[in-house]
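# An overview of the molecular structure
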Amino acid sequence: GKTAFIAGVGDDKGFGWAIAKRLNQAGATVLVGTWPPVYDMFKKILERGKLDTALDDGGTLEIADVFPLDAVYDTMKDVPREVRESKRYAQHAVFALEETAKAVKKKYGKIDILVHALANGPEVHKDLLETSREGYLTAFSTSAYSLVSLVQKFGPVMNEGGSVVSLTYLAADGTVPGYGGGMGAAKAALQSDTRTLAFEAGRKWNIRVNTISAGPLRSRAARAIGF
Ligand code: ZID
């Protein structure tokens, strides 16, 4: 069977969870990467059976493993001490992209499917004219560079013929009022990088890289911006 790693699952409301269900129903072993600030809550409600695990075919979603993952850190060396020692992070030995890829490989071997289902734009509710440099660059770091780094780190632990997919939004291609904070530009970068990553990673590891422009889903992230 195939093994999938889905980065960006923290509840049962988002795209990551829906993708987990479909992949599990199709027979894949599903591993997820969960942001440390929501890790404890997610594990708790998952273990207590409080999440919607119903598959379309009558089966039940099984998440084989939950890895702590913060996609703004490429290696553990990049994590500031105050973050490493903070409440939600201190319990985890590793949560940066490189070390997480290695931990996945060690426990499950090479993977076949890699899903990027994460984004964060702290000023998404602000017009571009009101957006700070810091908010803009954070949107890019979390929502766009995270894909580049994810492919860099997981490429070596993917089987040939494997597939990477991320989620984008139409605001990359045109103006969408309410989708601010640099998030439109971050999605444009994600789309442009997808083409180049497909070219490079295709030659280097024989894997595919694609992005899907999503329709609206009332995830936690979408509710936060009032969609
Ligand atoms: P979600 O909140 O379920 O998922 C985001 C996840 O990212 C959460 O689990 C966070 O904990 C996690 N996360 C945040 N920061 C980090 C970090 N530093 N490291 C690791 N994890 C982190 O929301 P979702 O399912 O909406 O988002 C998944 C992907 O879908 C993101 O790339 C979105 O940009 C994308 N997407 C979502 C929607 C939507 O409607 N939900 C749309 C397009 C793309 C969209 O906004 N019409 C209007 C709006 C839209 C589409 C059509």
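The structure we're discussing is the one just above.
Here is what the cut-offs are and how they apply
- Residues numbered from 1 in each chain as written.
- Predicted model: local features only at pLDDT ≥ 70, side-chain atom pairs only at ≥ 80, totals over all residues.
- Heavy atoms only, no water.
- Core = buried A, V, L, I, M, F, W, Y, C linked by side-chain atoms within 4.5 Å.
- Buried < 20%, exposed > 50% of the residue type's maximum accessible area, 1.4 Å probe, protein only.
- Helix = DSSP H or I, 4+ residues; strand = E, 2+ residues; numbered from the N terminus.
- Contact = heavy atoms within 4.5 Å.
- Bend = angle between axes of the 7 residues up to and from the residue.
- Axes fitted to C-alpha atoms, helices over the stretch in contact; angles between N-to-C directions.
- Parallel < 35°, antiparallel > 145°, perpendicular 65-115°, else oblique.
- Left-handed = near helix turned anticlockwise from the far one by under 90°.
- Nonpolar A, V, L, I, M, F, W, Y, C, P; charged D, E, K, R; others polar.

Right, let's get into the nonpolar core. Counting 26 residues, the largest nonpolar core has Phe5, Val104, Ile111, Leu114, Val151, Phe154 and Val164 as its most contacted members. Secondary-structure elements contributing two or more residues to this core are strand 1 (3–7), helix 4 (97–108), strand 4 (111–116), helix 5 (133–154), strand 5 (158–168) and helix 6 (183–205). Looking at this core element by element, the count peaks at five residues for helix 5. Contacts of valine 164, omitting those with residues within four sequence positions, involve Leu114, Leu147, Val151, Met158, Ile207, Arg208, Val209 and Asn210. Counting residues in each nonpolar core, the second largest holds 22 residues, with Ala20, Leu23, Val165 and Leu167 among its members.

The next thing to look at is helix 6. Roughly 25° is the biggest bend found in helix 6, and it falls at leucine 197. Here helix 6 has its buried residues at Met183, Gly184, Ala186, Lys187, Ala189, Leu190, Gln191, Thr194, Leu197, Ala201 and Trp205. Packing partners of the buried residues in helix 6 comprise strand 4, helix 5, strand 5 and strand 6 (208–213). Backbone geometry just downstream of helix 6 places asparagine 206 in the positive-phi region, at approximately 60°.

Bringing the packing of helix 5 against helix 6 into the picture now. As a packed pair, helix 5 and helix 6 sit with axes 9 Å apart at the nearest point and diverge in direction by 10°. In terms of orientation, helix 5 lies roughly parallel with respect to helix 6. The element helix 5 and its partner helix 6 pack so that their crossing is right-handed. Within the contact between the two elements, helix 5 uses Tyr136, Ala139, Phe140, Ser143, Ala144, Leu147, Val148, Val151 and Gln152 and helix 6 uses Met183, Ala185, Ala186, Ala189, Leu190, Asp193, Thr194, Leu197, Ala201 and Trp205. Looking at the contact of helix 5 with helix 6 residue by residue, the classes come out as 15 nonpolar, three polar and one charged.

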